[in-house]
Amino acid sequence: MPGHSVLQLPVPELEDWVQARTAHYDTGFVSTDPRFGHAHITALGPFDPDPSETTLAVVADIARTTPAVRTRLQRLGQFPNGIIHLVPEPAEPLRALTQRLVAAFPGFRPYAGEFGDDVQPHLTVDAASDTVSLASTAELLRDVVPVDVVLDRLQLAWWESGRCHVREEWALG
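Here's a quick rundown of the structure. (Residues numbered from 1 in each chain as written. Predicted model: local features only at pLDDT ≥ 70, side-chain atom pairs only at ≥ 80, totals over all residues. Heavy atoms only, no water.)

Some points on the sheet that holds strand β7 (residues 153-159)
Spatial strand order, β2-β1-β7-β8: 4 strands in an open sheet with antiparallel pairing. Across the chains shown, the open sheet's two edge strands, defined by having one partner strand only, are β2 (40-47) and β8 (165-171). Each strand of the sheet is rotated relative to its neighbour by a mean of 20°, with strand direction disregarded. Where strand β1 (residues 4-10) and β2 come together, 5 bridges link them in antiparallel fashion. In the sheet register, Q8 faces β2, and the bridge partner there is T42. Contacts from helix α2 (residues 53-64) reach β1, β2, β7 and β8, with the element oriented near 45° to β8. Where helix α3 (residues 92-104) meets the sheet, it contacts β1 and β2, and its direction lies at approximately 15° from that of β2. (Pairing = 2+ DSSP bridges. Helix = DSSP H or I, 4+ residues; strand = E, 2+ residues; numbered from the N terminus. Axes fitted to C-alpha atoms, helices over the stretch in contact; angles between N-to-C directions. Contact = heavy atoms within 4.5 Å.)

Structure below.
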């Protein structure tokens, strides 16, 4: 799979857990960049693979004028494609951030438009299979969630096997 960039909000409280789960599936996507948010909530992706200084300045301005987001990760959900995820509650501030980014960059739709315009903020934790279910994932997470988090950084991250890293990062607020 070719690489792609993502504007994402790292979730340090779940980093170790998600990084270990990522390694379980594909060590190529385990980054050596200590800033990289394996555990994250996507704000907009895929994003511009080669952003200009003007584009980066617009993202910086959006980050600067977006307050940090307080949310709780407790409830598990599963998308029709099998992705098991934690649902941030409340999710509205995250939807609002995505809407601001899409308004600024209309050429980049969330998930390339694959899932329509109903953005569902989430933190991916697993993928359903013959051996993985909502129940088995809930059991794995039993000592990890619920967790209250403050999302206070926006990263422009590059995702590619063997090359995952943070390209830029901005504080929120």
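The rest of the description comes next.
Some words on the pairing of β1
Here β1 lies mainly inside the structure; 6 of its 7 residues are buried. Strand direction decides the pairing type here: β1 and β7, joined by 5 bridges, are antiparallel. By the bridge assignment, L7 is partnered in β7 with L156. (Buried < 20%, exposed > 50% of the residue type's maximum accessible area, 1.4 Å probe, protein only.)

Looking at the pairing of strand β3 (residues 69-78)
As paired elements, β3 and strand β6 (residues 147-151) share 5 bridges and run antiparallel to each other. Of the residues in β6, the one forming a bridge with T71 is V149. Direction of pairing for β3 relative to strand β4 (residues 83-89): antiparallel, over a ladder of 6 bridges. Bridge pairing links R72 to E89 in β4. In sequence, β3 turns back onto β4 through a hairpin of 4 residues, with G82 there showing a positive phi of about 95°.

Side note on the nonpolar core
Core analysis: the biggest nonpolar cluster contains 35 residues, and L7, V11, L14, L123 and L154 have the highest contact counts within it. Counting residues in each nonpolar core, the second largest holds 7 residues, with F29, A157, C164 and V166 among its members. (Core = buried A, V, L, I, M, F, W, Y, C linked by side-chain atoms within 4.5 Å.)

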